[in-house]
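Chains, contacts and geometry: an overview
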Amino acid sequence: MRSSFTIKPLVTAIAAFSVASVAQAAGLDRSGQDTTAFFQDGTYAEAVYTYIDADVTGRDAAGNKVKDIAEDYDFFRYGVKTDIDNKFSIGVLYDEPWGAAADYHGNNDFVGSPSRVADSLISSRLGNGAPEADNIGVNNVEQFKGFINQTADKLAEGRQQLATLQGFEQQINADIAGGEPMSAIDQRVAETAAQLGRPEINSFAAFQQLVNGTEQSLADGEANYQRLKGLEGVLDNALTNAEATEVEVRSESLTGLLGMKFGQNNNYQIYGGPVAQRLKAKVKLRGNAYETATGYDLNVNPDIDYGWIAGLQYSKPEIALKASLTYRSEIDHEVTASEYLPLAALRGVPPNQANKMEITTPESVNFDFQTGINPTTLATAKVRWVPWGDFKITPPLYNAASQFDYGSKGLNLVDYDDDQWVVELGLAKRLQPNLAISGTIGWDSGSGDPTTSLGPIEGYYSVGAGAKYNLDENWAISAGGKYLWFGDAKGQIPNGNIVSDFKDNDGFILGVKLSYQDK
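This text gives an overview of the structure that appears in the document. In this text the structure is predicted, and so the values were computed from the model without any measurement.

1. Concerning helix H2 (residues 115–126)
- Taking 1.5 Å of rise per residue, twelve residues should cover 16 Å, and H2 covers 16 Å from first to last C-alpha, within 8% of that figure.
- Burial in H2 covers these residues: Val117, Ala118, Leu121, Ile122, Ser123 and Leu126.
- Summarising the contacts, the buried residues of H2 are in contact with helix H3 (141–177) and helix H5 (204–239).

Written as structure tokens, this is what we have:
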């Protein structure tokens, strides 16, 4: 005799699982791109709210404490589907798949005036870090400003000396015009030059060369002084910026689905459809940690582009078994990137630019599985893969400025070393006809360590719990939570330098769902 379970109580139990699903993961992953709403029977609709509170603290490379950088983050997920007939289903899903929210504060290398960066720049051009021919012993901002003042004083002396020489030249020219012999002129010039300690000036022609040379030297000095003042202005501009490093990424996704069942008992379903995605971002790099990129601003205006989704599902209702494999494509966004990089001016690169830039959000694969264990207990499993190792953000100005120091390919602002794997296992139990509880354990591989300083987490382990209460035969409310133990990670900047170390961090997720189902 074939084993079978009553399906309705099991469906009641499983619905508690998806309230606080994958919501703080590797890379920019947030929602986990859940599609299980589409696999519910009959007409189904849900609205889900998720709130994330993570505590991410560490120390910078100098040992200063970095207080919690993770801002509270929340998002919504909606889904609606209906069966056209016993073969075809349609649905629409809304979620916010990708995101980030980090805000540094306190007394550390990610906040405040980048004084060490300024000192290093000066030393590399005029001090111990410069070629021997350029080393004039100027190694910090204070010495640099003193050198500029000395240069201004020397230029003032030079202008006075030139005025004296030009006055003498005018007098000689007047004497020549009055008929004084050149032999007498040359003798007078030689006697005057000897008194000034310049015995090599023994004729008026030599004196004129001196005047011309002095004029050229003064012009070169003036030009060099202006370059120094320009450098001073750029550095002063950078040093007055005492803000903190921030990053915010937001996305929205709307997925249309059409499913077709097939097989002897309609056990199989293929499904797919278009995906519209909206993306925007804002980044501020501040403090000494980001070296010559300090003061950098990036603003990505909202952009909408399109991809697709496809999958295969198998179900066996008599034992409450459902298994689905879902693929989502990459989505290429061509966005307008407004950038400001103040120290780019030192390279002759305009520091304010707006350019087109491509950001490709990654493809993903989700596997969802459930099966009944007995009439009141359900087991579930979720597996997710996202190839973050292929993802990068390469703003044009940032990349162009980095090519001076790092070669023709320059640097990406954000990239990751590894792909992400997420595994979550769970059990759901019906306690009463209208009440079910659930529990989960989970693991996220992260996307590499060290990782970007804008999100220094290396995956997590998690434990979660949820409950669902049926208000009546159609309406239900679910609530759940999850506790996360984040993996330790070292934060690095794009050139590979380690700038921070984050350990022993955690967080929690809370979610609530209102659902409607009419079979």
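On we go.
2. Considerations on the pairing of strand S22 (residues 489–492)
- Inspection of the sheet shows strand S19 (residues 451–452) paired to S22 by two bridges, in the parallel sense. Bridge pairing in S22 places Thr452 opposite Gln492.
- As judged from the four bridges shared by S22 and strand S23 (residues 498–502), these two strands associate in the antiparallel manner. When the bridges of S23 are listed, Gln492 appears paired with Ile498.
- In sequence, S22 turns back onto S23 through a hairpin of five residues, with Gly496 there showing a positive phi of about 95°.

3. A few points about unusual backbone geometry
- A cis geometry characterises the amide bond from Asp449 onward to Pro450, with omega recorded as 5°.
- Although it is not a glycine, Ala320 sits at a positive phi angle of roughly 55°.
- Residue position: Ala320 is located in the loop between strand S9 (297–316) and strand S10 (321–328).
- Positive phi values are uncommon outside glycine, yet Asp504 reaches one of about 55°.

4. Things to note about the nonpolar core
- Counting 58 residues, the largest nonpolar core has Leu28, Val56, Leu285, Tyr290, Trp388 and Phe391 as its most contacted members.
- In this structure Val56 touches Lys67, Asp68, Ile69, Ala70, Pro456, Ile457, Phe486, Phe502 and Asn505, once residues within four positions along its chain are discounted.
- Ranked by size, the runner-up nonpolar core spans 33 residues in total, among them Val117, Ile201, Leu218 and Leu346.

Thresholds applied
Residues numbered from 1 in each chain as written. Predicted model: local features only at pLDDT ≥ 70, side-chain atom pairs only at ≥ 80, totals over all residues. Heavy atoms only, no water. Helix = DSSP H or I, 4+ residues; strand = E, 2+ residues; numbered from the N terminus. Expected span 1.5 Å × (residues − 1). Buried < 20%, exposed > 50% of the residue type's maximum accessible area, 1.4 Å probe, protein only. Contact = heavy atoms within 4.5 Å. Pairing = 2+ DSSP bridges. Core = buried A, V, L, I, M, F, W, Y, C linked by side-chain atoms within 4.5 Å.

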